[in-house]
Amino acid sequence: MVNDGLRFALIILFSSGVGLVAVLANRLTERFKIPVPLLVLVGTAAVAHSVPAVQPPSERIVEQVITIALVLVLFDGGMHIGPARFRAAVVPILSVGVVGTALTAAGAALMLHYVCGVTWFPAVLVATAIAPTDPAVVFSVLGKREIRGRSSTILEGESGANDPVGIALMTSLIAAGGLSAAGFASVGTQFVLQMAIGLAVGVIGGRALLVFMRRVALPSEGLYPLRTLASSLMLYGIATLAHGSGFLAVFVAGIVIGDARAPYKPEIKRFHAALAGLAEIVAFVVLGLTVDLGVLTHPDVWIPGLALGVALTALIRPLAVGACLVGVQLERNERVFILFAGLKGAVPILLGELLRAAHVPNAERLYGIVVVVVIFSVLVQGSSVPGVAKLLELPIRMVQTRPWEIGVRLADEPEGVRRFSVAPGSAAEGCTVEGLSDRVGDIWVSIVVRTTGLVPVRGDTELQAGDEVVVLADPELHDTLAELFGPA
């Protein structure tokens, strides 16, 4: 009993130490521009390689842990996008996330087959594995810099869409067991079915969850985030049992409730953001335990992996995604950044693990190629993102942390209270509080928050770009106010 207790204590000590190091590693990311996921992945793989007592988990445990982690990450990602941002970029998101993913996989498969000599079916499996992207890696290296415009929304939405697409394609291909006319028909049917069911469950479930959040009160504040957590996991289960994409369902449900007003909504969003951050750390720790550093040093692993990583960055993604963005209204610098910033993350390694679990011939080599592609993408592309963003002169603003909060609690939802951010170039920028009232009508500006802190609200208080403004006004004036505070 004592030995079991000590062993369990060692596991807790190791796990908490890894988590703390991963959290503190964000400070290194700000300075050296090396994404935290790479540090966690390589660090865990090194520990597993040098400490014989650390054994990799079973394939089943890896799949289950990463599945839960992805549900948490996708639900939070959907909430962060919200319906307003999604509607503004729905065409490029769906085009890049679905068609772009398929074209990227096709281009990668062609290269693996004709350049690297991989037979067709394994080449298609590896190409499918490395097609999905992970914007969290992009934003982790940007640190406190936030990109304005639609490029960030498209990158986030692309990942939320192509993760379910990639997983659905991989599972369908493995189930088909090979490439044939009948196999392609089966893959196509299964893919469409999974997407359709996942979308339906996400939309209906998201709306039902929103009603649940608004109308059913709970006895404790701490229960509200737990309710959305349990509901998101339930939606994944429902969609999966219905033979749909559970990942698409939770992503869509997150979008549905993203901008909606509900009790304790800020606390709910903070809870899920923190949970998604923890899930990402756990995912890369678990995946790191599955990486055999010895396999990665084989020339028939790292050479094709490196070649594929370079080709994806310089040729395959620019052509595939560029074709999907034809006709989309984007600034040239935003378009180029989207083509460059398709970084890889946890999902390609998870798909590689599914490939290995399917006992495909030379599975260890194929898995190693996927890992090399991810390491190249995160290390080389990821560390280059800040410099590329600066070179392209993207509209970037510094996001200051605000650890102190002032607020009030009300028993009922306040009528007519809205919070706006003053966009650069908007009609509200440079306008005084009194002038704002003259333009709109009977409103009350109660709070103005600037990077320097709270600003005293007087008639002659002049609003600046980036100010957060809390306004009490007739609901009929909200659209007019949104136009004044929004970009010109």
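Parameters at a glance
Residues numbered from 1 in each chain as written. Predicted model: local features only at pLDDT ≥ 70, side-chain atom pairs only at ≥ 80, totals over all residues. Heavy atoms only, no water. Axes fitted to C-alpha atoms, helices over the stretch in contact; angles between N-to-C directions. Helix = DSSP H or I, 4+ residues; strand = E, 2+ residues; numbered from the N terminus. Left-handed = near helix turned anticlockwise from the far one by under 90°. Contact = heavy atoms within 4.5 Å. Nonpolar A, V, L, I, M, F, W, Y, C, P; charged D, E, K, R; others polar. Pairing = 2+ DSSP bridges. Patch = residues over 30% accessible without salt bridge, like charges linked within 9 Å, V, L, I, M, F, W, Y side chains within 5 Å. Areas by Shrake-Rupley, 256 points an atom, 1.4 Å probe, with all protein chains shown as cover. Salt bridge = Lys/Arg side-chain N within 4 Å of Asp/Glu carboxyl O. Buried < 20%, exposed > 50% of the residue type's maximum accessible area, 1.4 Å probe, protein only. Core = buried A, V, L, I, M, F, W, Y, C linked by side-chain atoms within 4.5 Å. Domains from an automatic or database assignment.

Draft legend 1. Summary view of the packing of helix H3 (residues 59-88) against helix H10 (residues 246-258). Remark: H3 packs on H10, axes separated minimally by 6 Å, with the N-to-C direction vectors making an angle of 35 degrees. In this structure, H3 crosses over H10, and the sense of that crossing is right-handed. Listed contacts from H10 to Thr67, Leu70, Val71, Leu74, Phe75, Gly77, Gly78, Met79, Ile81, Gly82, Pro83 and Phe86 of H3 are Phe247, Val250, Phe251, Ala253, Gly254, Ile255, Val256, Ile257 and Gly258. A per-class count over the contact of H3 with H10 returns 15 nonpolar, six polar and no charged.

Draft legend 2. Here's a closer look at the sheet that holds strand E6 (residues 468-473). With respect to topology, four strands assemble into an open sheet ordered E3-E6-E4-E5, the strand pairing being antiparallel. Only two strands of the sheet have a single neighbouring strand rather than two, namely strand E3 (417-421) and strand E5 (453-454). Across two bridges, the pairing between strand E4 (residues 443-450) and E5 is antiparallel. Paired with Val449 across the strands is Leu454, a residue of E5. Strand contacts of helix H18 (residues 478-485): E3, E4 and E6, with the helix running at about 15 degrees to E3, the strand carrying the most contacts.

Draft legend 3. Up close: a nonpolar patch on the surface. Where nonpolar side chains cluster on the molecular surface, the patch consists of Leu110, Tyr114, Val115, Trp120, Leu179 and Phe184 and spans about 640 Å² of accessible area. Among the structural elements, Leu110 can be located in helix H4 (residues 90-114). Using a relative accessible area of 43% as the deciding quantity, one classes Leu110 as partly exposed.

Draft legend 4. Structural context of the nonpolar core. Ile66, Val126, Leu308, Leu325 and Phe337 are the most contacted members of the largest nonpolar core, which totals 119 residues. Counting residues per element, this core draws most heavily on helix H16 (residues 363-391), at 13 residues. Those residues in contact with Leu325 that lie beyond four places of it in its chain are Pro92, Val96, Leu330, Arg335, Ile338 and Leu339. If you look at the next biggest cluster of nonpolar residues, it comprises 19 residues, including Phe420, Ala428, Val433 and Val440.

Draft legend 5. Geometry of the side chain of Glu353. Structurally, Glu353 is set in helix H15 (residues 346-357). A residue is classified by how much of its surface remains accessible, and Glu353, at 3% relative accessible area, is buried. The contacts of Glu353, once residues within four sequence positions are left out, are Glu59, Val62, Thr290 and Tyr367.

Draft legend 6. Spatial organisation of the domain arrangement of the chain. Each domain of the chain was delimited in the assignment, giving domain 1 (1-398) and domain 2 (417-485). Taking only C-alpha atoms into account, the centre of domain 1 sits 38 Å from that of domain 2.

Draft legend 7. Looking closely at the side chain of Ser245. Residue position: Ser245 is located in the loop between helix H9 (223-241) and H10. Ser245 sits in the buried class, given a relative accessible area of 4%. Sequence-distant contacts of Ser245, that is, excluding residues within four places in its chain, are made with Pro164, Gln194, Met195, Gly198 and Ala239.

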